[in-house]
Amino acid sequence: MSDLEAFRAETRAWLEANCPASMRTAMPSDEMVWGGRNLEFKHEDQRLWFERMRDKGWFCPDWPSEYGGGGLDHQHLAILEAEMRRLRCRPPQINLGIWMLGPVLLEYASEEQKQRFLPPMARGEVRWCQGFSEPNAGSDLASLRTSAVLDGDDYVINGTKIWTSYGNKSDWMYALVRTGPMVPKQAGISLIVLDMQSPGVTVTPIDLISGKSSFCQVFFDNVRVPKSQLIGQVNEGWKLAKALLQHERRAMSKFSEFALPTHFDLDEFLQRCLPQPTSADEVVLHQRAIACMMNEEAYSLTNRRMTDSLRARQDVSGLMAISKLVHSEQEREKFELLLELLGHEALGWEGQGFSPRDLELTGAWLMSYAQTIAGGSSEVQLNVIAKRVLGLPDAK
Ligand SMILES: Cc1cc2nc3c(=O)[nH]c(=O)nc-3n(C[C@H](O)[C@H](O)[C@H](O)COP(=O)(O)OP(=O)(O)OC[C@H]3O[C@@H](n4cnc5c(N)ncnc54)[C@H](O)[C@@H]3O)c2cc1C
């Protein structure tokens, strides 16, 4: 048996023995486990799954083991992911740090910063939020104005961030701040990490019409952050931000592979809800369903190809922008179809008369629209593709 075959057999046996049955089902939104200081489990199986995966170093299987990772190379990682997909294992935790900041720290942080920030992240001990967007600096992120001014050994931060998902529940933030002059605007930005409990940080939740919101606005009033927490070189944060956004887009474009609350298995729904086509309308529904299934398959294969290219250190930045765009638009179309198929069963918001999964669907349908904005809107992805992939000139 080759090394890879042996690893597959071992991994399969380990997952079968260690992933509790209740962690092999679709995940309702109130059962997401977020790492962090205030770790919470709804039931014992979540704790077991979390602790077992953590102890294996499989929260971040391909990070080097000296930073708490699993030390797997890309072939072994692909096997682990495939085996987890096969068993429909839930992600043991949701962690923006691991998905987005960690890979940037691995590439750009000093050894001291890696030693300080990566191992606790790899153990799921810190919940991270992203402080990028500001009022008037969303798509045009480089216009951000939150300032960080060096004063002795500290940066003093003033300004505000908006649309910070789970800002009120997070322990630490990675933020883009302006450390240099405005022109050219990309040249004066740095990436800094800070404890959300620092004096002068105020977090205000933002209410949405849906009644459910993870969004916050974060205000900084003379917040002192040690200069040792600036990642990479001063005024070179734009390069890091671009790398981080790529990891964000990649994580988002992989959402369909995780058993996340927004993940709905198309097959399962089609088998339950798609009527035999007896009218022209139903034939059209069938055609849309087939298109959705083909697109999902094509997307998933492309995504695996991209993962392989990434691990082979090829430049996939263009493909990542395409992938994020295609995936979020495909998901939106899928949820439109599922909603139509479910008819009035999909109109539930809460309370009796609807199955929990159907209630989740309504939320996931709304979320599918938000995903076409989060991490860079579809229009902005199209601009990126036009410029970076197709080499078209900037619109004047
Ligand atoms: C679910 C969700 C979670 C988020 N979480 C976070 C988070 O944790 N941290 C964080 O920092 N941010 C977060 N965001 C914010 C997100 O990054 C921004 O909403 C996004 O970048 C768009 O910026 P904006 O909202 O300022 O819209 P704007 O930039 O004002 O854009 C408004 C509209 O104009 C279009 N537009 C803008 N510029 C162009 C252009 N040049 N060409 C064509 N069309 C254009 C946009 O596509 C959009 O339709 C989140 C957003 C969502 C929806």
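Residues numbered from 1 in each chain as written. Predicted model: local features only at pLDDT ≥ 70, side-chain atom pairs only at ≥ 80, totals over all residues. Heavy atoms only, no water.

**Considerations on the overall build of the protein**
Defined as follows: Strands are runs of DSSP state E lasting at least two residues, helices are runs of H or I lasting at least four, and both sets are numbered from the N terminus onward. Each radius of gyration is computed over the set of C-alpha atoms, and the globule rule expresses the reference value as 2.2 Å times the number of residues to the power 0.38. Classification of residues uses two cut-offs on accessible area relative to the type maximum, computed with a 1.4 Å probe and protein chains only: under 20% is buried, over 50% is exposed, and between them is partly exposed. Throughout, the Shrake-Rupley method with a 1.4 Å probe supplies accessible areas, and for residues the shown protein chains are the sole cover considered. Under the counting rule used here, the positive set is Lys and Arg, the negative set is Asp and Glu, and His together with the chain ends is not counted. Working definition for charges: the position is that of NZ of Lys, CZ of Arg, CG of Asp or CD of Glu.
Across its full length, the protein holds 11 helices and 8 strands. What you see for the protein is a C-alpha radius of gyration of 22 Å, in line with the 21 Å of a compact globule of 396 residues. Taken along the three principal axes of its C-alpha coordinates, the protein extends 75 × 55 × 45 Å. Sorting the 396 residues of the protein into buried and exposed places 48% on the buried side. Entry remark: accessible area of the protein is about 19,500 Å², with carbon and sulfur atoms responsible for 53%. Considering the protein, the positive charge centre built from 43 side chains and the negative charge centre built from 52 side chains are found 4 Å apart.

**Re helix α4 (residues 96-108)**
What counts here: To estimate the expected span of a helix, count its residues, drop one, and scale the result by 1.5 Å. Here the bend at a residue is taken as the angle between two axes, fitted respectively to the seven residues that end there and the seven that start there. Here a polar contact is taken to be a pair of N or O atoms separated by no more than 3.5 Å, where protein atoms must pair a possible hydrogen donor with a possible acceptor and residues adjacent in sequence count only if both atoms sit in side chains.
In this model, α4 (13 residues) spans 17 Å end to end at C-alpha, consistent with the 18 Å of a helix rising 1.5 Å per residue. In α4, a bend of some 40 degrees at G102 exceeds every other bend along the element, and P103, a proline, comes one to four places later. In terms of burial, α4 is a largely internal element, 10 of the 13 residues being buried. Within α4 the residues assigned to the buried category are L96, G97, I98, W99, M100, L101, G102, P103, V104 and L105. Among the residues of α4, the N-terminal cap falls to N95, whose side-chain oxygen and the backbone nitrogen of G97 are separated by 2.8 Å.

**Quick notes on the nonpolar core**
Where we set the bar: In this description, a nonpolar core means a group of buried Ala, Val, Leu, Ile, Met, Phe, Trp, Tyr and Cys residues linked to one another through side-chain atoms lying within 4.5 Å. Residue contacts follow a heavy-atom distance rule, with two residues in contact if any of their heavy atoms lie within 4.5 Å.
Within the largest apolar cluster, 56 residues are counted, with the highest numbers of intra-cluster contacts made by W49, L101, W128, F132, Y174 and L191. Those elements giving two or more residues to this core turn out to be α1 (3-18), α2 (44-56), α3 (74-87), α4, α5 (111-122), β4 (172-178), β5 (189-195) and α6 (237-253). Not counting residues within four places of it along the chain, the set of residues in contact with W49 comprises W14, L15, N18, C19, P20, M23, M84, C89, R90, P91 and P92. Counting 17 residues, the second largest nonpolar core, distinct from the first, contains A289, L337, L338 and L342.

**A look at the domain arrangement of the protein**
As a reminder, the rule being used: In this entry, domain limits derive from an automatic or database-based domain assignment.
When its domains are assigned, the protein resolves into domain 1 (3-94), domain 2 (128-236) and domain 3 (261-390). Each of domain 2 and domain 3 has a C-alpha centre, and the two are 31 Å apart.

**A word on the packing of aromatic side chains**
Where two aromatic rings form a pair, the distance of their centres and the angle of their planes describe that pair. For clarity, the cut-off: Ring geometry is summarised as follows: Phe, Tyr and Trp rings, the Trp one being its six-membered ring, pair when their centres sit within 6.5 Å, and such pairs are stacked at plane angles under 30 degrees, edge-to-face over 60 and tilted between the two.
Scanning all chains against the criterion turns up 12 aromatic pairs. Consider the rings of F41 and F50, whose centres lie 5.4 Å apart with planes at 70 degrees: the pair is edge-to-face. Look at F41 and you get partly exposed, because its relative accessible area is 21%. We classify F50 as buried; its relative accessible area is 1%.

**Remarks on the pairing of strand β3 (residues 154-161)**
Basically, it comes down to this: A pair of strands counts as paired when DSSP detects no fewer than two bridges linking them.
When you tally the buried positions in β3, you get 6 out of 8 residues, the bulk of the element. Strand direction decides the pairing type here: strand β2 (residues 147-151) and β3, joined by 5 bridges, are antiparallel. When the bridges of β3 are listed, D151 appears paired with D154. Strand direction decides the pairing type here: β3 and strand β7 (residues 216-226), joined by 7 bridges, are antiparallel. Among the inter-strand pairings, T160 is bridged to a residue of β7, identified as F219.

**Digging into the site of the ligand**
Quick note on the threshold: In this text, near means that some heavy atom of the residue lies within 4 Å of the molecule or strand in question. Gly is placed with the polar residues, together with every amino acid not listed as nonpolar (Ala, Val, Leu, Ile, Met, Phe, Trp, Tyr, Cys and Pro) or charged (Asp, Glu, Lys and Arg).
Every one of the 17 residues lining the ligand counts as a neighbour, but S133, S139, W163, S377 and E379 are closest to it. The backbone of F132 places a nitrogen or oxygen atom 3.0 Å from an oxygen atom of the ligand. S377 is positioned with one of its side-chain polar atoms (N or O) 2.5 Å from an oxygen atom of the ligand. Compared with its free state, where it exposes 970 Å², the ligand has 64% of that area covered by protein. Residue assignment for the shell around the ligand shows that the elements contributing at least two residues are α10 (356-371) and α11 (378-389). The residue makeup of the shell around the ligand, split by class, is 7 nonpolar, 9 polar and 1 charged. Residue-level mapping places the shell around the ligand at the junction of two domains, with at least three residues from each of domain 2 (128-236) and domain 3 (261-390).

**Observations concerning the pattern of salt bridges**
Going by this rule: Basic side-chain nitrogens of Lys or Arg form a salt bridge, by our definition, when they fall within 4 Å of a carboxyl oxygen of Asp or Glu.
Per the counting criterion, the structure on display carries 23 salt bridges. A salt bridge links E236 to K239; the shortest N-O distance between them is 3.7 Å. On the basis of relative accessibility, which here comes to 43%, the residue K239 falls in the partly exposed class. One salt-bridge network, held together by shared partners, links R8, R12, E16, R24, E83 and R86.

**Some details on the pairing of β5**
The buried count for β5 comes to 6 of 7 residues, which makes it a mostly enclosed element. Two elements, β5 and strand β8 (residues 230-231), share 2 bridges in a ladder whose sense is antiparallel. If you follow I192 over to β8, its bridge partner there is L230.

**Things to note about unusual backbone geometry**
Residue R88 is not a glycine yet carries a positive backbone phi of 60 degrees. Within the fold, R88 resides in the loop between α3 and α4. Notably, W163 is not glycine yet its phi reads approximately 60 degrees, a positive angle. The topology assignment puts W163 in the loop between β3 and β4.

**Looking at the environment of Q330**
With respect to the helices and strands, the residue Q330 is situated in helix α9 (residues 317-342). Taking C-alpha positions, Q330 is 14 Å from D265, a pair spaced 65 residues apart along the chain. Those residues in contact with Q330, other than ones at most four positions away along the chain, are N295, E296 and Y299. Within the structure, the side chain of Q330 is placed 3.3 Å from the backbone oxygen of N295, a separation counted as a polar contact.

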